[in-house]
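Structural features, examined
Listed below, chain by chain, are the residues.
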Amino acid sequence: AMKKIFGTFGIFILFLQLSGCVSTPMRYVWNGNSVDNKYFSATVEPSLKSFVLTIKNKTNSDLGLNWDKTLFISNGQTKGRFMIDGTLYKERNASKPSDIIFSGGTLSKTIWPNDLVYWSSNQFDPGWKHTSLPGGETGVYLAVVVDGIEINEKIVGTILRERIE
């Protein structure tokens, strides 16, 4: 019986050590560019696992954001598309209809890279999960349609993880 108590106690100590590593307060610093052309302005704000993409239409026409050609950039390469709010995990790679940004209007959406989605079989918290955005150069390759013409812009930056002292 004594062996079993020490075994459980050892696991508890290990758990405390592991949980201590996780709670280090971190700050994420983003040095990304923004886009400002004659048709639209766009920004990307990363968080731990997602981006907030904001696009403002500067034209008198409606713009279309082509989700099927808007891509995640990681270390200078495109790495697949994005999930947007309301996307089912199992349908994340399916074609998505374009979002329309009305004349003078602004679109703002939280987006998650499909490439960073995985299935967790953790018995305490199973299900679909998102891993953290990677360090290094990361961002969004935009495909915006203006009067039938596709305009492509790249918003990239580096996410630096800094300990908060």
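An account of the accompanying structure is given in this report. (Residues numbered from 1 in each chain as written. Predicted model: local features only at pLDDT ≥ 70, side-chain atom pairs only at ≥ 80, totals over all residues. Heavy atoms only, no water.)

1. Structural notes on the overall build of the protein
Helix and strand counts for the protein come out as 1 helix and 14 strands. In the protein, which comprises 165 residues, the proportion classed as buried is 34%. Nonlocal contacts in the protein, meaning residues at least 24 apart in sequence, comprise 64% of its contacts between residues at least 6 apart. For the protein, the computed accessible surface area is about 10100 Å², with 56% contributed by carbon and sulfur atoms. (Helix = DSSP H or I, 4+ residues; strand = E, 2+ residues; numbered from the N terminus. Buried < 20%, exposed > 50% of the residue type's maximum accessible area, 1.4 Å probe, protein only. Contact = heavy atoms within 4.5 Å. Areas by Shrake-Rupley, 256 points an atom, 1.4 Å probe, with all protein chains shown as cover.)

2. Quick word on the nonpolar core
By size, the foremost hydrophobic cluster in this structure holds 26 residues, and its most contacted members are Phe40, Ile55 and Leu142. Among the elements of the structure, strand 3 (40–46), strand 4 (51–57), strand 5 (63–65), strand 8 (82–84), strand 10 (106–113), strand 13 (136–146) and strand 14 (149–163) are those that each provide at least two residues to this core. At 4 residues, strand 13 tops the list of elements feeding residues into this core. If we skip the residues at most four places from it in the chain, Ile55 touches Phe40, Ser41, Ala42, Leu65, Ile101, Gly105, Thr106, Leu107, Leu142 and Val144. (Core = buried A, V, L, I, M, F, W, Y, C linked by side-chain atoms within 4.5 Å.)

3. Observations concerning the environment of Val156
Relative to the assigned elements, Val156 resides in strand 14. Residue Val156 is classed as buried on the basis of its relative accessible area of 16%. Put simply, Val156 and Asn33 are 123 residues apart on the chain and 6.1 Å apart in space, counted from C-alpha to C-alpha. Filtering out sequence-adjacent residues up to four positions away, Val156 remains in contact with Trp30, Gly32, Asn33, Ile73, Glu137, Thr138 and Gly139.

4. A few points about the sheet that holds strand 3
Spatial strand order, 2-3-4-10-8: 5 strands in an open sheet with antiparallel pairing. Bordering the open sheet on either side are strand 2 (35–36) and strand 8, each of which pairs with just one other strand. The pairing of strand 4 with strand 10 spans 6 bridges and is classified as antiparallel. When the sheet's bridge partners are listed, Ile55 is paired in strand 10 with Leu107. (Pairing = 2+ DSSP bridges.)

5. Quick word on the pairing of strand 6 (residues 71–74)
Every second residue of strand 6 is oriented toward a common face, with Leu71 and Ile73 on one face and Phe72 and Ser74 on the other, all of them buried. Here 4 bridges tie strand 6 to strand 13, and the two strands are oriented antiparallel to one another. Bridge pairing in strand 13 places Phe72 opposite Val140. Hairpin geometry of strand 6 and strand 7 (residues 77–78) is characterised by an intervening segment of 2 residues between the two adjacent antiparallel strands and by a positive phi of about 50° at Asn75.

6. Overview of the environment of Pro25
Looking at the element boundaries, Pro25 is found in the loop between helix 1 (2–22) and strand 1 (26–30). Measuring from C-alpha to C-alpha, the distance between Pro25 and Glu165 comes to 8.1 Å, with 140 residues separating the pair along the chain. Sequence-distant contacts of Pro25, that is, excluding residues within four places in its chain, are made with Glu162, Arg163 and Ile164.

Functional significance is not addressed by these values, which are geometric in nature.
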